[in-house]
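Per-entry structural report
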Amino acid sequence: MLKIFVNSFLKNIIQRPKILIGHAQLLGKRKEQEDSFATFNNEFGVLGVLADGMGGYSNGKMASSTVVNTFVSEFAKTRNPESLEDFFINTANLSYSKVCEKGKGIKTGTTLVSVIIFEKNLYWTSVGDSAILLFSKGELINLNKKHIFQAILEKEYVMGNITKEEMINNPKKKRLTSYLGYDGFRDIDICKKPIHLQHGDKVIVCSDGVYNSLTEIELEAILIKNNSPVKTAEEIMEMIKQKNLSDQDNATIIILEKR
Amino acid sequence: MRKQSCEFQTDFLTEAGTLNVNHDYFAFVELDDFACWVIADGLDSDEENESAEMAAHHIFEAFMEKPTISRGRLKNYFMAAHRVLKEASRNVRLKVSLTMVVTDYSKIVWLVAGNSRLYHFRKGIFNFRSKDQSIAQMLLNSRKITEAQINSHEERNNLINYIGKLNMFKPYISRKYDLNDGDVMLLCTAGFWENMFDYEINNAVHNLNEPIELIDNLEEMLLERQNEVVNNYTIAAVFAKKVFPENKLFNTNFQETIKKIAVVVIPMLLIGLIGMFVNRKINEVKQRELAKIQAIQKKKMAKLMAKKNEEKSEKKGDQLVAEGEFPAALNEYKVAREAAELIKDTVKVEANKQKYEITKMIIDADGYFNSKAYERAMNSYLDAKVKAANFPEYDKKELLKKLAKSRDYLKVIEISREGENALNRKEFETARACFREALRLAKSVYFEEMKAELESRLSDADTKKDEQEKEDKLFHGKLLESRGDELCQQKRFDEAISSYNKAKRVYEELKISDSILNVNGKIKNAQEEKDKKILWIFPNN
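Everything quoted here is computed from the prediction, not taken from an experiment. (Residues numbered from 1 in each chain as written. Chains lettered and ligands numbered in written order. Predicted model: local features only at pLDDT ≥ 70, side-chain atom pairs only at ≥ 80, totals over all residues.)

**Examining the overall build of chain B**
The following threshold applies: The helix count covers DSSP runs of H or I at least four residues long, the strand count covers runs of E at least two residues long, and both are numbered beginning at the N terminus. Contact between residues is assigned whenever the C-beta positions, reconstructed from backbone atoms, fall within 7 Å.
Across its full length, chain B carries 16 helices and 11 strands. Partitioning the contacts of chain B with sequence separation of at least 6, the portion at a separation of at least 24 is 63%.

**Some points on the confidence of the model for chain A**
Any region with low pLDDT has predicted coordinates that should not be read closely. Quick reminder of the rule: Confidence per residue, as judged by the predictor, is encoded in pLDDT with a range of 0 to 100.
When pLDDT is averaged along chain A, the result is 87; 92% of the residues meet or exceed 70. Put simply, helix α1 (residues 2-15) of chain A is where chain A has its lowest mean pLDDT, 49, and strand β12 (residues 202-206) of chain A is where it has its highest, 96.

**Here we look at the interface of chain B and chain A**
Reports of interface size often rely on the accessible area that becomes lost once the parts have come together. Operational definition: Residues are grouped as follows: nonpolar covers Ala, Val, Leu, Ile, Met, Phe, Trp, Tyr, Cys and Pro; charged covers Asp, Glu, Lys and Arg; every other residue, Gly included, is treated as polar.
With 10 residues of chain B in contact, the opposing surface of chain A contributes 11 residues. Looking at the side of chain B that touches chain A, its residues break down into three nonpolar, five polar and two charged.

**Quick word on the nonpolar core**
Grouped burial of nonpolar side chains is what soluble globular proteins tend to show. For the record, the criterion: Buried Ala, Val, Leu, Ile, Met, Phe, Trp, Tyr and Cys residues form a nonpolar core when they are connected through C-beta atoms within 7 Å. For every residue, the other C-beta atoms within 10 Å of its own C-beta are counted; 20 or more classify it as buried, 12 or fewer as exposed, and values in between as partly exposed. C-beta atoms are placed from the backbone.
A55 and V96 of chain B are the most contacted members of the largest nonpolar core, which has 64 residues in total. For this core, the element with the most residues is strand β11 (residues 233-242) of chain B, which contributes seven residues. One finds V46, L122, L180 and V210 of chain A within the second-largest nonpolar core, a separate group that totals 57 residues.

**A short note on the confidence of the model for chain B**
Residue and element names in this part refer to chain B. Chain-level pLDDT for chain B is 89 on average; 98% of the residues reach the 70-or-more range. Averaged pLDDT values for the elements of chain B fall to 84 in helix α16 (residues 513-537) and rise to 96 in strand β4 (residues 96-103). On the interface metric, ipTM, the complex scores 0.77, and its pTM is 0.59.

**Looking at the packing of helix α6 (residues 198-205) of chain B against helix α7 (residues 211-224) of chain B**
Residues and elements named next belong to chain B. Quick reminder of the rule: Each axis is a line fitted through C-alpha atoms, and for a helix only the stretch in contact is used; angles between axes span 0 to 180 degrees, taken between their N-to-C directions. Throughout, a crossing is termed right-handed when the near helix is turned clockwise from the far one, and left-handed when it is turned anticlockwise from it by less than a right angle.
For the pair α6 and α7, interaxial distance at closest approach is 9 Å and the crossing angle is 145°. Once α6 is placed against α7, the crossing between them reads as right-handed. Residues E200, I201, A204 and V205 of α6 form the contact with α7, whose participating residues are L214, N217, L218 and M221. Among the residues making up the contact of α6 with α7, the classes are represented as six nonpolar, one polar and one charged.

**Observations regarding the sheet that holds strand β7 (residues 125-129) of chain B**
Residues and elements named next belong to chain B. Quick note on the threshold: When DSSP locates at least two bridges between a pair of strands, those strands are taken to pair.
Here five strands make up an open sheet; going across it, the order is β1-β11-β10-β6-β7 and the pairing antiparallel. Because the sheet does not close on itself, it has two edges, and the strands there are β1 (7-15) and β7. Strand-to-strand twist of the sheet, defined as the mean angle between neighbouring strand axes without regard to direction, takes the value 20°. Packing of α7 onto the sheet brings it into contact with β1 and β11, and relative to β11 it is tilted by some 150°.

**Quick look at unusual backbone geometry**
Of note in the backbone geometry, K120 of chain A takes a positive phi value of approximately 65° without being a glycine. Within the element layout of this structure, K120 of chain A appears in the loop between β5 (112-118) and β6 (121-127). The exposure class of K120 of chain A is partly exposed, given the 18 C-beta atoms found within 10 Å. Non-glycine residue K491 of chain B carries a positive phi angle of around 65°.

**A closer look at the sheet that holds β12 of chain A**
All names here are of chain A. Reading across the sheet, the five strands line up as β1-β13-β12-β7-β8 and stay open at both edges, with antiparallel pairing between neighbours. The open sheet terminates on both sides in strands that have one partner only, identified here as β1 (19-26) and β8 (139-142). Pairwise comparison of adjacent strand axes, ignoring direction, gives a mean angle of 20° for this sheet. Bridging between β1 and strand β13 (residues 251-258) involves eight bridges; their strand directions are antiparallel. Among the inter-strand pairings, G22 is bridged to a residue of β13, identified as I255. Contacting β7 (131-136), β8 and β12, helix α7 (residues 216-223) crosses the sheet at an angle of about 130° to β8. In the packing of helix α8 (residues 229-243) onto the sheet, contacts are made with β1 and β13, and the angle to β1 comes to roughly 20°.

**Here we look at the environment of R432 of chain B**
Residue and element names in this part refer to chain B. Here R432 is to be found in helix α13 (residues 428-444). What makes R432 buried here is the crowd of 21 C-beta atoms within 10 Å. Sequence separation between R432 and D462 is 30 residues; the distance between their C-alpha atoms is 7.6 Å. Excluding residues that lie within four positions of it along the chain, R432 makes contacts with L458 and A461.

Set out below in structure tokens:
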């Protein structure tokens, strides 16, 4: 019995990497903060989840916080970390039904990005246009594709159904094609293979209010300083504040660094 | 004008595939002496800049300005393009995979950053391909995957190097490679080769005469697959139908032999030279070490010798001091002190210094004594005695004796001086007493030199005393004589005769015959005058 306990304890110590967490949020020029986020740490690993709600007034916040809360409570309950793909799909579906239930027919919804770091590996899922980035060895890599109308337009252009101008000038090209909410959950992106994290790698989870306001180069310049995730997240928000864009969206960022 | 003597044919194709924008770029130039082919694959999603075109243009501009096949210069062109791309990264990081082939129409050099490829075929058969700078290539190099797997491996586009990389950019630069007539080069981007097997490409080259045929065949093979997604792809074929004939002299058997000999001899010479150099260095190091050891030993020996010398000199010094040979001892103590300083023995240094000083004091004191400076001698002996209290080597009794002798001599001199002063004051008795006392003391301390002088001074004092007494008596006689004269004049002849007689006795004592005769005359005269006086009073008698 003691041997099992010791083995399990040692396994936890040896296998569980040290993850540093930092996060920050900005209201921007919106009246309400519709972004929600959470990080959760248990014996299986670290969960980071972020949702960017929409639908106006309190509906967006309701949707995003419902999704975040559902992910946290489900992750807290999970006892089988081997099937994280199932966890992502099941929890996304559960969140979707809860949002629909709470929305009571109102057109509301939220994006979802969630990452889990388990035994030095990164697993992720995404619905909508929030971003998951990996900063490794000075290089910033986009992990998820965005579920926006532009992807469909590009396909149409390649098929020859529309012209290049029609593709570029379409006003709805940034509209979400998949989200968790009323009649919107059409697609979910899940990592095909977990990514083995190296020492010093940073996983960045953020809403469109971040990546639409800062360029990749600006983000890189802050991330390469190798400050703590807390300081890095604050610095990114500070830079967005300084830009003072007229239509600054809610911006939220979570940074997880493997040490 | 090498180009005129050769024939190179180039054809290429670049397509967007199933994507809406083509980020690939191909360009080539054939100059009089050099030619250059550049194939680039833009890897970023920047909407403002065509990064592949930008990088290729910069390399081309540099090459056109200074055409070369020098590996160093070509690397500089690459690095310059890399810097330009880094600086132009505004929104997203501009990334380009780029392969460049340069020829002087007889040799080629190729440079690779990323995973755009060069395939080389000779006599229609695959010869080699450039190595990618990707994780998949690393896996292949470490034999974790096979050559057949690399084109479709999931890490094929995971690049470890590309133009525009933030840090540690290092392109691959090949050595110069000789071209032969009929060689075929195929340049292609990952969008092409990732959909093909290498053997398919090899087969396509066989028995073709024109590059356009090769391009068409390859594209057909690519499109036949009917993949749902086809990335941007670019294929360029270069047929070196006739390469520039380099100086034939260099290709003769004689030259070949020379080359072979050079290949054998030069390395041998180099090895020999390196061996000599290394041997020399080793010897130098050995000698340095030996010199160091010798120096240390020498130092040790010197210390040992110095210690021995110190002991010897000090001992000898002590012995000489005991024998009273102070000047010799002084020298020994000096040597001992210097030796002690050499071995840094502070105790010995101090001891020898003290002994030196004491010995010096004694020598000085002896000097003063001999030069009759008895007071200074006495002081020096006294100092030496005080200082020598802690050193048993010095004979304290002897020092005390010397001290007492100096003091006694000084006393003799002082008393003698007092006698001299008394003599000058004509206090003959005092002077005689002083001289006698000094003489007695001089005799008791064996002050021989002073003894004779004092005896002489004593005799002088006696003489002077006698002379003085005589003078006094003569004066007294004269006084009595003149008194007699006065009494005669007063006709008191009896008294006058009495005074003359007294004077006569003084002169007789002093044995002054002239004065005696003179007084006798005066006595006679006085007697006659006295007699005359009586007759006058008593005429009848």
